[in-house]
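Results of the structural survey
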Amino acid sequence: MIRGTNSLIGAVNFVTFLISIPILGGGIWLSAKANSTDCLRFLQWPLIIIGVAIMVISLMGFAGACYRLAWLLRLYLFAMFFVVAALLGFVVFAFAVTDRGHGQVVMNRAFLEYQLSDYSGWLKGRVSDPGYWAKISACLREGHACSKMARYARDPTTGVLVPESPDMFYRRNLSPIESGCCKPPTSCGYTYVNETFWAAGAGMMVNDMDCTRWSNDQRLLCYQCDSCKAGVLASIRHSWRKVSVVNIVVLVILVIVYVIGCAAFRNAKRIDNDEPFGENRITKARPSRFQF
């Protein structure tokens, strides 16, 4: 029975080791997103650290269960408690800082547009900080966030590839960063020329500062617009919500493993005290009179 229990604990911790891979994968995915689109590089490190910690602790619990080392199980339970608490805190933090903010529907447009006023809290302050935004906008430019927007359609008359028409562009589902950083807000009244070149219209709204921040210079575009900051926030929100769903599933499994680990620790202590499994101390202290 003891051997079967410890074998079960070892198997469960091996499964936990395998399950920790999605956490590490989520951190690496956020890191890849930070280098290519989101450009917010500090968010992935807590997740990567937690993923590596779960891997190491799972191996610790696996060894403690297989070799029946009470001190190693004690260390395993102590470390696992803090990892579960850290993962829970990260999940709560991720949902708290991405609680507000949604794209706004624009008439006769398939894509959404984003406003910085729809967001609030710590993450908005972090992204809006002038010094930090300078790094994010430079990352967006260096990553050519808007250069892949160009699309061409074949002219039915000449057969030559030409830039897509305004109606075709308006039916596209743009990403939050493409919508916020690569074109002016629709309310500004600019006239479409191509994806990243817009002509000023007669009805331009001057009360929106983003209308004056827009530039047809391909190095500038709307990288200094509040709509671009809102687009980055929307992209981060989408990425974090995806990763948080995986983290919640892993968190539930870790809690189950932690409870089983507590049972394994009690089992190891029973062995150290020479207590037969299934018998209590009273039975051992008062044996039967009949000896065979």
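Computed from a prediction, not measured in an experiment: that's the story for all the values here.

What counts and what doesn't
- Residues numbered from 1 in each chain as written.
- Predicted model: local features only at pLDDT ≥ 70, side-chain atom pairs only at ≥ 80, totals over all residues.
- Heavy atoms only, no water.
- Helix = DSSP H or I, 4+ residues; strand = E, 2+ residues; numbered from the N terminus.
- Buried < 20%, exposed > 50% of the residue type's maximum accessible area, 1.4 Å probe, protein only.
- Contact = heavy atoms within 4.5 Å.
- Areas by Shrake-Rupley, 256 points an atom, 1.4 Å probe, with all protein chains shown as cover.
- UniProt positions renumbered as here; feature names shortened; annotations may be inferred.
- Salt bridge = Lys/Arg side-chain N within 4 Å of Asp/Glu carboxyl O.
- Disulfide = S-S within 2.5 Å.

Across its full length, the chain holds 10 helices and 6 strands. In the chain, which comprises 292 residues, the share counted as buried stands at 43%. Sequence-distant contacts, at least 24 apart, represent 65% of the contacts inside the chain between residues at least 6 apart. Here the chain displays about 16000 Å² of accessible surface, and carbon together with sulfur accounts for 64% of that area.

So, on to the UniProt feature "transmembrane region" (unreviewed entry) in the chain. Here, the residues flagged by UniProt with the feature "transmembrane region" (unreviewed entry) are residues 7-30, 42-63, 75-97 and 245-265. Helix makes up 100% of residues 75-97 and strand 0%, with an end-to-end C-alpha separation of 33 Å.

What follows covers the environment of Leu 18. Take Leu 18: it is sitting in helix H1 (residues 2-36). As a C-alpha pair, Leu 18 and Ile 54 span 36 residues in sequence and 9.7 Å in three-dimensional space.

On to the environment of Leu 77, then. Looking at where Leu 77 falls in the secondary structure, it is placed in helix H3 (residues 70-97). Along the primary structure Leu 77 and Ile 57 are separated by 20 residues, whereas in three dimensions their C-alpha atoms are 8.8 Å apart.

Looking at where Met 149 falls in the secondary structure, it is placed in the loop between helix H5 (130-142) and strand S3 (152-154). Setting aside anything within four residues of it in sequence, one finds Met 149 in contact with Phe 169, Arg 172, Leu 174, Glu 178, Cys 182, Glu 195 and Thr 196.

Attention now goes to the pattern of salt bridges. Applying the stated criterion across every chain yields a total of 7 salt bridges. In this structure, Lys 183 engages Glu 113 in a salt bridge whose closest nitrogen and oxygen atoms are separated by 2.5 Å. Note that Lys 183 is positioned in the loop between helix H7 (176-181) and strand S5 (191-194) and Glu 113 in strand S2 (residues 112-113), a separation of 70 residues in sequence. Lys 183 gets classed as buried once you look at its relative accessible area, which sits at 1%.

Within the structure shown, the criterion is met by 4 disulfides. For Cys 181, the disulfide goes to Cys 228, at an S-S distance of 1.9 Å. Sign of the S-S torsion, about 90 degrees for the bond between Cys 181 and Cys 228, identifies this disulfide as right-handed. Of this pair, Cys 181 sits in helix H7 while Cys 228 sits in helix H9 (residues 226-272); the two residues are 47 residues apart in sequence, bridging distant segments of the chain. By relative accessible area, which is 0% here, Cys 181 ends up buried. Across the disulfide, Cys 188 is cross-linked to Cys 211 (sulfur-sulfur distance 2.0 Å). Linking Cys 188 and Cys 211, the disulfide has an S-S dihedral of approximately -90 degrees and is accordingly described as left-handed. Here Cys 188, found in the loop between H7 and S5, pairs with Cys 211, found in helix H8 (residues 209-213); they are 23 residues apart in sequence, far enough to count as distant. For Cys 188, a relative accessible area of 0% translates into the label buried. The class for Cys 211 is buried, based on a relative accessible area of 1%.

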